[in-house]
Amino acid sequence: MRRVTWLTVTAGTLLFATPAIAAPLCKGADAPMHVKVDTRRHDIIVTVGPCRIAPMDISMSMPGMMGSEASGVVDIKTHFLWPVSGYMRSFTLTLFDSTSKVLPQNTMHHLELVNFDRRQLLYNLAERVLGIGEETAGAKVPKSVGVPLDAGTHMGLYIMWNNETDTDIDGVTLELRMRYSPANMTPRPLEVLPFKVDVNLHPGLGDAFNLAKGGGERSTEFSVPVGGRLIGVGGHLHDFGKELRLEDVASGKVLARVRALRRPDGTVIGVRHQLFGIWGRGPRLLPGRRYRLVAVYEDPKGAEVMAAMGVMGGIFAPDDMRKWPAVDKSDPGYIRDLEGAPLP
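What counts as what
- Residues numbered from 1 in each chain as written.
- Predicted model: local features only at pLDDT ≥ 70, side-chain atom pairs only at ≥ 80, totals over all residues.
- Heavy atoms only, no water.
- Helix = DSSP H or I, 4+ residues; strand = E, 2+ residues; numbered from the N terminus.
- Core = buried A, V, L, I, M, F, W, Y, C linked by side-chain atoms within 4.5 Å.
- Buried < 20%, exposed > 50% of the residue type's maximum accessible area, 1.4 Å probe, protein only.
- Contact = heavy atoms within 4.5 Å.
- Pairing = 2+ DSSP bridges.
- Axes fitted to C-alpha atoms, helices over the stretch in contact; angles between N-to-C directions.
- Phe/Tyr/Trp six-rings, centres within 6.5 Å; stacked < 30°, edge-to-face > 60°.
- pLDDT = per-residue confidence, 0-100.
- Lys, Arg positive; Asp, Glu negative; His and termini not counted.
- Salt bridge = Lys/Arg side-chain N within 4 Å of Asp/Glu carboxyl O.
- Polar contact = N/O pair within 3.5 Å; in protein donor to acceptor, adjacent residues only side chain to side chain.

Asks: I'm lost on unusual backbone geometry in this one. Help?
Replies: Trans is the prevailing form of peptide bonds, just as negative phi is the prevailing case for residues other than glycine. With omega at 5°, the peptide bond leading from Gly-49 into Pro-50 counts as cis. Here Pro-50 lies in strand E4 (residues 43-53). The step from Thr-186 to Pro-187 runs through a cis peptide bond, and the omega angle for that step is -5°. Positionally, Pro-187 belongs in the loop between strand E12 (169-182) and strand E13 (190-191).

Asks: So what exactly am I meant to see when it comes to the nonpolar core here?
Replies: Nonpolar side chains tend toward joint burial in soluble globular proteins. Ranked by internal contacts, the top residues of the largest apolar core, which has 76 residues, are Trp-82, Leu-111, Leu-113, Trp-161, Leu-174, Leu-176 and Met-178. Beyond its immediate sequence surroundings of up to four residues, Met-178 is in contact with His-42, Asp-43, Ile-44, Val-46, Trp-82, Met-88, Ser-90, Phe-91, Leu-113 and Leu-130. Judged by nonpolar contacts, the second largest core, of nine residues, contains Phe-116, Ala-126, Met-160 and Tyr-334.

Asks: Sorry if this is basic, but what is going on with the sheet that holds strand E11 (residues 154-161) here?
Replies: By way of backbone hydrogen bonds, the strands of a sheet pair with one another, either parallel or antiparallel. If you trace the four strands from one edge of the open sheet to the other, you get E5-E11-E7-E8, paired in antiparallel fashion. Each end of this open sheet is capped by a strand with a single partner; those strands are strand E5 (76-81) and strand E8 (126-133). Neighbour-to-neighbour, the strand axes of the sheet open up by a mean angle of 20°, direction not taken into account. With seven bridges joining them, strand E7 (residues 108-119) and E11 adopt antiparallel strand pairing. Bridge pairing in E11 places Leu-111 opposite Ile-159.

Asks: Help me out: how do you make sense of the packing of aromatic side chains in this one?
Replies: The geometry of an aromatic ring pair is captured by two quantities: the separation of the ring centres and the angle between the planes. Summed over the entire model, instances satisfying the criterion amount to five aromatic pairs. For the pair Phe-195 and Phe-316, a centre-to-centre distance of 6.4 Å together with 25° between the ring planes defines the contact as stacked. One end of the pair, Phe-195, is in strand E14 (residues 193-198); the other, Phe-316, is in strand E25 (residues 310-318), with 121 residues separating them in the sequence. Each member of the pair Phe-195 and Phe-316 is classed as buried. Taking 6.3 Å as the distance between ring centres and 80° as the angle between the ring planes, the aromatic pair formed by Phe-209 and Tyr-297 counts as edge-to-face. Of the two residues, Phe-209 is situated in strand E15 (residues 209-213) and Tyr-297 in strand E23 (residues 291-298); the sequence distance between them amounts to 88 residues. The burial state of Phe-209 is the same as that of Tyr-297; both residues are buried.

Asks: Help me out: how do you make sense of the confidence of the model for the protein chain in this one?
Replies: Fine structural detail should not be taken from predicted coordinates in areas where pLDDT scores are low. With 86% of its residues at a pLDDT of 70 or more, the protein chain shows a mean pLDDT of 86. Contacts from residues 1-21, a stretch scored under 50 in pLDDT, to residues over four places away or in other chains number 35 contacts. Confidence drops under pLDDT 50 across residues 58-72; counting only partners more than four residues distant or on other chains, this segment forms 30 contacts.

Asks: Mind showing me how you'd approach the side chain of Asp-299 here?
Replies: One can find Asp-299 in the loop between E23 and strand E24 (304-308). Despite its burial, Asp-299 pairs with no opposite charge, the nearest such side chain being Lys-301 at 6.8 Å. Within the structure, the side chain of Asp-299 is placed 3.4 Å from the backbone nitrogen of Ala-303, a separation counted as a polar contact. Once residues within four sequence positions are removed from consideration, Asp-299 is found in contact with Gly-214, Phe-240, Glu-304 and Val-305.

Asks: Any chance you could explain the pattern of salt bridges here in plain terms?
Replies: Where charged atoms from two side chains of opposite charge come close, those side chains can pair. What the rule picks out here adds up to 23 salt bridges. A salt bridge links Arg-118 to Glu-127; its shortest N-O distance comes to 2.9 Å. Across the pair, exposure class does not vary: Arg-118 and Glu-127 are buried alike. Each of Glu-217, Glu-221, Glu-243, Arg-245, Glu-247, Arg-257, Arg-259, Arg-290 and Arg-292 takes part in one network of salt bridges that share partners.

Asks: Even after reading the chapter, I still don't get the environment of Arg-52, so can you show me in this structure?
Replies: Considering the arrangement of structural elements, one finds Arg-52 in strand E4. The class of Arg-52 is partly exposed, set by a relative accessible area of 28%. Taking the C-alpha atoms as reference points, Arg-52 and Pro-24, separated by 28 residues in sequence, lie 5.5 Å from one another.

Asks: Got a minute to help me understand the pairing of strand E10 (residues 145-149) in this structure?
Replies: Two faces make up the sheet, and in a regular strand the side chains alternate between them. Across the five residues that make up E10, a large majority, five, are buried. Sheet analysis places strand E6 (residues 86-96) next to E10, joined by three bridges and oriented antiparallel. Pairing of Tyr-87 across the sheet is with Pro-148, part of E10. Where E10 meets E13, two bridges bridge the pair, whose relative direction is parallel. Considered in E13, the bridge of Val-145 is made with Leu-190.

As structure tokens, this is what we get:
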């Protein structure tokens, strides 16, 4: 029998995990969190909980009130040290109740895994290694590709719960499982980093917006500081969202498009991915060239669209990792974006 090595990390310190006695109301930086490393399977398992999830404030779900997404508030903001050097290449998310029964993913509104030590491609904000919404399925890439992360990197986990009932949900545990390739893997994987564009970015203030009756579009333009190729893209849309388009401003050419999976009433139940292949001809983004992200919404009943969002995320293979811009942790936007987080 092969020996499995487990390391448990709490707040960046190696120790043996102890079970929680009672489910607390998990808020801020004090949520019970443990990080385990399965060295045989090359899995990193982050668990948060058990937690008691209070009902959402009614103002957060009233028409015209955009709640936590407008204010930038999330329920949990934790900090830990990444335990091993290697290349992250997959994730799955599961939520359990106090009896270990699997809960619907929409018990959580969204989750972000944050790297405080590296900035995003487009913004001087802490890198979001991955983001998971109510509709986001697990994802993986081949061993030949991975996101480089060093042991000791300062990381954070942000979670916003989504209890729309009028009673507490008790004993909820969230498990985020990530597979990695070891740092000494031969041949060395293709290094890729997250790609994220938001049509309505306001660091620390929330990114939701409203649209006129029947819907419409919201767009933003950007350029990249380092060239590279998109390996694949997905997105985040709220109800009545139809699609996200990435366009070349000068030519008008659509470089990437992801469409929402909708019910007839406009309810969004998922967002499709577009994969270009690891060594294929994914769209190449060039420094200095202008690009546009467009979020399209349509309400079949013709009502105003409230609390919309439009975020395209994906995998970006930079031409030269050495040209990736360094993070400026003194920048006001960087600080405002992480307000309330237990910074390293």
